[in-house]
Amino acid sequence: MRKFTIGILIALVCMGTFSVTACKEEQPPTQTDKQDELAPFVGDWECEDNPLNDPDNYTGYLKLSITKDGKFTIYDDEAGNPCIEGTIEILSDNELEVRCIDNADFDPPSTWYDMKTKQLLSYKFKYEEKLYLTYESDSEEEKIESTLIFDKVKK
């Protein structure tokens, strides 16, 4: 009887431990984690004169600004107009998602002509001060890819 009682107690302890660890919720990323992910992006950026895939299209008027809380703005520095603005979320080592505010100012860069307000972009850093943002259209008929190259503004 004593062995039986000890066996049941051990089984209950094991089941209780399993229940607690199995039901443990995964914690969402903390604000600090998000800031660490965004750190390489934070700052002001100037777009190079031409997209990587389209040397005939001028984009040197574009500026990009990203804050440490993930807010961004791409704007026309020559005309002073906002193009797109919203938030950025890093999804992986080479992909991010922009969620743009859908307002009258939603005017994506010309080479990103059918961009959605919620859009996946590929990215890579050539080095710390050079950011490549690549847009790829969703069109089934003709896939269009356009990479804008941004240089970090030194203060």
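Up top is the structure.
Residues numbered from 1 in each chain as written. Predicted model: local features only at pLDDT ≥ 70, side-chain atom pairs only at ≥ 80, totals over all residues. Heavy atoms only, no water.

Some points on the overall build of the chain
In step 1: When helices and strands are counted, the chain shows 2 helices and 8 strands.
In step 2: Mapped in sequence order, the helices and strands of the chain form the string α-α-β-β-β-β-β-β-β-β.
In step 3: Carbon and sulfur atoms make up 52% of the accessible area of the chain, which amounts to about 10,300 Å² in all. (Helix = DSSP H or I, 4+ residues; strand = E, 2+ residues; numbered from the N terminus. Areas by Shrake-Rupley, 256 points an atom, 1.4 Å probe, with all protein chains shown as cover.)

Some details on the environment of leucine 62
In step 1: Note on placement: leucine 62 falls in strand β2 (residues 62-66).
In step 2: Excluding residues that lie within four positions of it along the chain, leucine 62 makes contacts with Trp45, Glu46, Cys47, Ile74, Tyr75, Cys83, Pro109 and Leu148. (Contact = heavy atoms within 4.5 Å.)

Digging into the side chain of threonine 111
In step 1: Locating threonine 111 in the fold gives a position in the loop between β5 (95-100) and β6 (118-127).
In step 2: If we skip the residues at most four places from it in the chain, threonine 111 touches Pro51, Asp54, Asn57, Tyr135, Ser146 and Leu148.

As for the pairing of strand β3 (residues 71-76)
In step 1: Here β3 shows a buried face lined by Phe72, Ile74 and Asp76 and an unburied face lined by Lys71, Thr73 and Tyr75.
In step 2: Sheet topology places β2 next to β3; 5 bridges connect them, and they run antiparallel. Pairing of serine 65 across the sheet is with threonine 73, part of β3.
In step 3: Here β2 hands over to β3 after 4 residues, with glycine 70 in that stretch at a positive phi of 90°.
In step 4: Summarising the sheet, β3 and strand β4 (residues 81-90) pair through 6 bridges and their orientation is antiparallel. Residue pairing across strands places threonine 73 opposite glutamate 85, the latter belonging to β4.
In step 5: Between β3 and the antiparallel strand that follows it, β4, lie 4 residues; glycine 80 among them carries a positive phi value of about 80°. (Buried < 20%, exposed > 50% of the residue type's maximum accessible area, 1.4 Å probe, protein only. Pairing = 2+ DSSP bridges.)

Here's the deal with the pairing of β5
In step 1: For β4 and β5, the ladder comprises 5 bridges, and the chain directions are antiparallel. Paired with isoleucine 90 across the two strands is leucine 96, which belongs to β5.
In step 2: Here β4 folds back onto β5 in antiparallel fashion, the turn holding 4 residues.
In step 3: The pairing of β5 with β6 spans 5 bridges and is antiparallel. Each bridged residue has a counterpart across the sheet, and for glutamate 97 the counterpart in β6 is leucine 120.

Concerning the nonpolar core
In step 1: In this structure, Leu64, Phe72 and Leu96 are the most contacted members of the largest nonpolar core, which totals 26 residues.
In step 2: Looking at this core, the elements that each hand over two or more residues are β1 (43-47), β2, β3, β4, β5, β6, β7 (130-136) and β8 (145-152).
In step 3: Per-element tally for this core: the top contributor is β4, with 4 residues.
In step 4: Not counting residues up to four positions away in its chain, the partners in contact with leucine 64 are Gly43, Asp44, Trp45, Phe72, Thr73, Ile74, Leu131, Leu133 and Phe150. (Core = buried A, V, L, I, M, F, W, Y, C linked by side-chain atoms within 4.5 Å.)

Read these as geometric descriptors, not functional statements.
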